[in-house]
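# A closer look at the structure
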Amino acid sequence: MSSSSIGASGAVAPRASLLRAVTQNRSVRRFLRNVPALIGLVFLLVLVLAAVLEPWILPHPPNQQDLDNTFVAPFTQGAHLLGTDNLGRDVLSRIIAADRVALRAAATAVTVSMLIGIPLGFVAAMGGKWVDLIVMRLTDALQSLPPLMLAIALLGAIGPGLTNAMVVIGVVFSPAFLRIVRAAVMEILSETYIEASRSIGTPTLRLVLTRIAPNALPPVLVQASIVTGMALIAEASLSLLGLGVAPPQASWGLMISQGYNFLYQQSSLVIVPGVVLALAVLALNLVGDGLRDSIGRVSGDGNDR
Amino acid sequence: MRRLLLRRLAATVPVLFLVSILAFSLVQLVPGDPAVTLAGDSPTDAQIAAIRDQLGLNQSLFGQYFSWLGSVLSGDLGTSLFSAQPVLDAINQRLPVTLYLVLGALVTAVLLGVPLGVIAGAHHGRIADRIASVITAVALSAPSYVVGLVLIVFLANRLQWFPPTGYVDLSAGVGEWARHLVLPSIALGLVPAAILARQLRSALIGVLAQDYTRTATAKGLPRRTVLLKHALKNAAVPGVTALGTQMAVVIGSTVLIEQIFGIQGLGALAYNAALQQDIPVIQGVVLVCAVAVQVINLGVDVMYGWLNPKLRAA
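Residues numbered from 1 in each chain as written. Chains lettered and ligands numbered in written order. Predicted model: local features only at pLDDT ≥ 70, side-chain atom pairs only at ≥ 80, totals over all residues. Heavy atoms only, no water.

### Focus: the confidence of the model for chain A
Residue and element names in this part refer to chain A. Scored by pLDDT, chain A comes out at a mean of 83, with 90% of its residues at no less than 70. The secondary structure element of chain A with the lowest average pLDDT is helix α1 (residues 3-10), at 42, and the one with the highest is helix α6 (residues 91-126), at 92. Residue range residues 1-13 is modelled with pLDDT below 50. Its contacts to residues more than four positions away, or to other chains, number twelve contacts. Confidence over residues 297-305 falls short of pLDDT 50; this stretch has 20 contacts with residues more than four positions distant or in other chains. (pLDDT = per-residue confidence, 0-100. Helix = DSSP H or I, 4+ residues; strand = E, 2+ residues; numbered from the N terminus. Contact = heavy atoms within 4.5 Å.)

In structure tokens, the structure reads:
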């Protein structure tokens, strides 16, 4: 959480002023003034809510076929708002079911990514010259391959499936966290307050947990929102290729690849899941940009703000 | 400059060495006994033994690696477990198509990204900048295959300007060849274009605030000259870096785009190999991609020297 102002005033104050402390935090205020970022945040909340409430809000069971009602165009039937696919399955229901799959998959991938990247980032920054050299060379090697090519190579070896795919995506994106944590920690380590804390005898672990980690958190948050967007695209890409989610389960990527067979007959079967996926990624990018602009000392323009 | 290049060339050696270990380890990642798994459904003992022999799984791990590396360095990437075609032949067959696609993406990125970035940077904070930032945000969020499918639906199917899928060789005529490459190149190049535009914009804003651009303006040079001759060349460095990274990403995206546009390139080769657990082919593609990325990085370094003479001495 936004550490500094809460730590100073909120720890002893009652709850109402904790809320005020959050809303008066400079970063939070800046973020709330950023209209595109707010729109992105609202859209993300809708996606999360839809995923959580999925069992109650589905208009139809996502795999229920209705062969008398195939290829219904979007916005023509009240019962099927976004139309039906080649098997008469309700597109809206499948979009919502796939939303749940996509968010869970992206969360898995980002968690794996952080579990690998963040500790190694600390190790590289604090473990001395040789450790740093070795970790960074390995990172260079991992990043010297096109991400999707690396993911496909690894999946080719360990075999397809959603869990495998998300672990692989987590590994592939972990350098993003590693590099950003390493840079942040190195910068923090050169600050005077770390020297001061060290000189009064703070043990290293305590120094990491209470002094360094909270200050390294903001760039990690920005990175997390951007990597989540990339993980969403990656899940859809791998499912589209048949290396991720297996049919009949719904996935935006799988819906796109199934709709591809009927591209000329009913192009909405491809365009609807494609647009939803793009909007989800756009929302994450807008939130990421907004976070960067509101907590970073340097804004996206390259001007100090 | 030559010293710089030699040093960068030397720096690729440890990276390629580590990638070779990664590619080699792919066999070890196969669950269970690799030879049994890779031999397919209900294999005979002879088939398993043949695969074990082909992949050199009888030797110690060290022995396996060095004999594998030895044959790789002598140009033998092994043979496919399925088609029995030498991996190097398969790659040589597919590589040109993918190279054309990556070049097409590069052309798209430059043609769209440079004007967008320059307009946004030169009109910093004004309406043109806002519009450009909306365009780049949307382009960054649309996955390449969604763009590709939308292009097929509208430009190929409805308007019939371009063929929807397929690829024809250069020998069939430059015109037909180019027409088949346009749509996949746009699909691949849109994200790099957006990233290039963003980098150029923020670098231009920084450069335009510097003294020497003010001097150039003060001595009466037209704004166009200041912008395009003085500012752009100096602002291009971060853009070139970003383009280099993006071209590496594009090599990966060809897997999807080749699938959608029905093109038999390196991406399709990697994809089919992954579906069939054809490890030698996967290893070959991984190695070729790693080399390609290093070549791109060297190209970026050469561009640096050309754009900014200060970096040549380094």
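### A closer look at helix α4 (residues 61-73) of chain B
All names here are of chain B. Given a rise of 1.5 Å per residue, 13 residues ought to cover 18 Å, and the 18 Å separating the end C-alpha atoms of α4 matches this to within 8%. Here α4 has its buried residues at Gln64, Tyr65, Trp68, Leu69 and Val72. Projected down its long axis, α4 shows its buried positions confined to an angular sector of 120°, all on one face. Within α4, the exposed residues directed more than 90 degrees away from the buried face are Phe62 and Leu73. In this fold, the buried residues of α4 make contact with α1 (2-29) and α12 (279-307). (Expected span 1.5 Å × (residues − 1). Buried < 20%, exposed > 50% of the residue type's maximum accessible area, 1.4 Å probe, protein only. Arc of directions from axis to C-beta.)

### Brief notes about the interface of chain B and chain A
The interface of chain B with chain A comprises 53 residues on the first partner and 41 residues on the second. Interface of chain B and chain A: buried area, both sides summed, is about 3,800 Å²; carbon and sulfur atoms make up 76% of it. By the criterion of area lost to chain A, the three top residues of chain B are Ser141, Tyr145 and Leu149 of chain B, representing 14% of everything that side buries. Inspection of the region where chain B meets chain A yields one salt bridge. Arg198 of chain B is the salt-bridge partner of Asp289 of chain A, the closest N and O atoms lying 3.1 Å from each other. At the level of elements, α1, α6 (127-141), α7 (144-158), α8 (174-208), α10 (223-261), α11 (266-275) and α12 of chain B are the ones that each hand at least two residues to the side of chain B that touches chain A. (Buried area = accessible area lost by both parts, 1.4 Å probe. Salt bridge = Lys/Arg side-chain N within 4 Å of Asp/Glu carboxyl O.)

### As for a nonpolar patch on the surface
Residues and elements named next belong to chain A. A contiguous nonpolar patch, built from Val48, Leu49, Val52, Leu53, Trp56 and Ile57 and spanning about 600 Å² of accessible area, is present on the exposed surface. Secondary structure elements with two or more residues in the nonpolar patch: α4 (35-52) and α5 (54-57). With three residues, the single largest contributor to the nonpolar patch is α4. Within the element layout of this structure, Leu49 appears in helix α4. (Patch = residues over 30% accessible without salt bridge, like charges linked within 9 Å, V, L, I, M, F, W, Y side chains within 5 Å. Areas by Shrake-Rupley, 256 points an atom, 1.4 Å probe, with all protein chains shown as cover.)

### So, the pattern of salt bridges
All names here are of chain A. Summed over all chains, the structure comprises eleven salt bridges over all chains. The shortest N-O distance in the salt bridge between Glu54 and Arg100 comes to 2.9 Å. In this pair, Glu54 is assigned in helix α5 and Arg100 in helix α6, connecting sequence segments 46 residues apart. A residue is classified by how much of its surface remains accessible, and Glu54, at 13% relative accessible area, is buried. Judged by its relative accessible area of 27%, Arg100 falls in the partly exposed class. Of the charged contacts, one joins Asp140 and Arg137 as a salt bridge, the two residues approaching to 2.7 Å between their closest N and O atoms. Taken together, the residues span about one helical turn, with Asp140 and Arg137 both in helix α7 (residues 129-143) at a distance of three residues.

### Examining the confidence of the model for chain B
Detail in the predicted coordinates should be disregarded across regions flagged by low pLDDT. Residues and elements named next belong to chain B. Of all residues in chain B, 98% have pLDDT values of 70 or greater, and the mean over the chain is 85. Put simply, helix α13 (residues 309-313) is where chain B has its lowest mean pLDDT, 64, and helix α5 (residues 87-122) is where it has its highest, 92. This prediction of the complex comes with two scores: 0.84 for pTM and 0.86 for ipTM.

### Focus on empty space enclosed by the protein
Summed over the entire model, instances satisfying the criterion amount to three cavities of 30 Å³ or more. One number sums up the size of the largest cavity: a volume of about 90 Å³. Asp85, Asn86, Val91, Arg94, Met255, Gln258, Gly259, Phe262 and Leu269 of chain A together form the lining of the largest cavity. At the level of elements, α6 and α12 (252-260) of chain A are the ones that each hand at least two residues to the lining of the largest cavity. Looking at which element gives the most residues to the lining of the largest cavity, the answer is α12 of chain A, with three residues. Its volume calculated, the second largest cavity comes out at about 40 Å³. Residue lining of the second largest cavity: Met149, Ile152 and Ala153 of chain A together with Ala270, Ala274, Ile282, Val285 and Val286 of chain B, and that is the complete set. When contributions to the lining of the second largest cavity are tallied by element, the ones reaching two or more residues are α8 (147-158) of chain A together with α11 and α12 of chain B. (1 Å grid on protein atoms, 1.4 Å probe; cavity = no way out; pocket = protein on both sides within 12 Å on 5 of 7 lines; lining within 4 Å. Points joined across faces, edges and corners; volume = space filled by probe spheres on them.)

### Re unusual backbone geometry
All names here are of chain A. Going from Pro247 to Pro248, the amide bond is cis rather than trans, its omega being 10°. Inspection of the secondary structure assignment puts Pro248 in the loop between α11 (204-240) and α12. Despite not being glycine, Phe75 has its phi angle at roughly 60°, a positive value. Tracing the chain through its elements places Phe75 in the loop between α5 and α6. Residue classification places Phe75 among the exposed positions, given a relative accessible area of 64%.

### A look at the side chain of Ser253 of chain B
Tracing the chain through its elements places Ser253 of chain B in helix α10. Here Ser253 of chain B falls in the buried class, since its relative accessible area comes to 16%. Among all residues touching Ser253 of chain B, those that are not within four sequence positions of it are Leu148 of chain A together with Ser144 and Leu188 of chain B.

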